[in-house]
Amino acid sequence: RVIIDSSGNVGIGTTSPSKLLHVSGGGTTPTLNTDDIIVAQNNASTSDDCKINIVSGTSGGSRVTFGDADDADIGKIIYNNSNNAMIFHVNNSECMRFDSDGTLLVNKNASNQGTVGLQVGGTGANVITQANGDAFRINRTSSDGNVVLIMQDTSTEGTISVSGSTVSYNGF
């Protein structure tokens, strides 16, 4: 059942909508922020879930966009159905994605060693590619000690440590 109250709030599943659009599967409405516009609620039981489905074509994409008066979609979260990737845009540029195999790509959109950016996990190696400058920095901000622990099959095989201005490469 749909109701429109005297303030113009629309309620679906509730007779007392608390925001411009309030969809309720049951439960008690908590205290909401004054700038909330849409509420999706399903909390009649402590184990209830609440979800919103965005469904698109098998070769299309589903997206949530974020914007302001100057740019309606300056930020985006996109799920690309054609290649099963979750893509994040900030300031109108892709900054991160998860590929279909679970690889995290930061500041790159292809899993390879030739593209600048960070590649973590999935089915391949972790890769950092930089065009200029340092490709990787490690900084220990406090006491002397190990900076890198090198392991094989959960056994420590070596370390890189610092003591003052001395760097030591230690194999076991």
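Let me begin by describing the structure that accompanies this report.

Scoring rules and cut-offs
Residues numbered from 1 in each chain as written. Predicted model: local features only at pLDDT ≥ 70, side-chain atom pairs only at ≥ 80, totals over all residues. Heavy atoms only, no water. Helix = DSSP H or I, 4+ residues; strand = E, 2+ residues; numbered from the N terminus. Buried < 20%, exposed > 50% of the residue type's maximum accessible area, 1.4 Å probe, protein only. Contact = heavy atoms within 4.5 Å. Areas by Shrake-Rupley, 256 points an atom, 1.4 Å probe, with all protein chains shown as cover. Polar contact = N/O pair within 3.5 Å; in protein donor to acceptor, adjacent residues only side chain to side chain. Pairing = 2+ DSSP bridges. Axes fitted to C-alpha atoms, helices over the stretch in contact; angles between N-to-C directions.

1. Quick notes on the overall build of the protein chain
A tally of regular secondary structure across the protein chain gives zero helices and 14 strands. Shown N-terminal to C-terminal, the secondary structure of the protein chain runs as helices and strands in the order β-β-β-β-β-β-β-β-β-β-β-β-β-β. On the principal axes, the C-alpha backbone points of the protein chain span a range of 75 × 35 × 35 Å. Counting the 172 residues in the protein chain, one finds 18% classified as buried. For the protein chain, the proportion of contacts with a sequence separation of at least 24, taken over those separated by at least 6, is 1%. Counting only carbon and sulfur atoms, one obtains 50% of the accessible surface of the protein chain, whose full area is about 12,000 Å².

2. Quick look at the side chain of Asn81
Counting through the fold element by element, Asn81 comes out in the loop between β6 (75-80) and β7 (85-90). Among the polar contacts made by the side chain of Asn81, one reaches the side chain of Ser56 at a distance of 2.7 Å. In this view, Asn81 contacts Ser56, Gly57, Thr58, Gly60, Gly61 and Ser62; residues no more than four positions away in its chain are not counted.

3. Details of the sheet that holds strand β9 (residues 104-106)
On the basis of which strands lie adjacent, the open sheet formed by seven strands has the order β5-β6-β7-β8-β9-β10-β11 and antiparallel pairing. Unpaired on one side and paired on the other, β5 (61-66) and β11 (127-129) mark the two borders of the sheet. Along the sheet, successive strands turn relative to each other by an average axial angle of 15°, direction set aside. Both β7 and strand β8 (residues 93-98) contribute to a ladder of five bridges, which runs antiparallel. Following the sheet pairing, Met86 is matched in β8 by Phe98.

4. Things to note about unusual backbone geometry
Backbone geometry places Asn84, a non-glycine residue, at a positive phi of 50°. In this fold, Asn84 is placed in the loop between β6 and β7. In this structure Asn84 comes out as partly exposed when scored by relative accessible area, which is 38%. Here the phi dihedral of Asp153 falls at roughly 50°; this positive angle occurs in a residue that is not glycine. Position of Asp153 relative to the elements: it lies in the loop between β12 (145-152) and β13 (155-163).

5. A closer look at the sheet that holds β13
Ordered by their spatial adjacency, three strands build an open sheet running β12-β13-β14, and the pairing between neighbours is antiparallel. In this open sheet, the two edge strands, each paired with only one partner strand, are β12 and β14 (166-171). With direction set aside, neighbouring strand axes in the sheet form an average angle of 15°. Taken together, the seven bridges between β12 and β13 define a ladder with antiparallel strand orientation.

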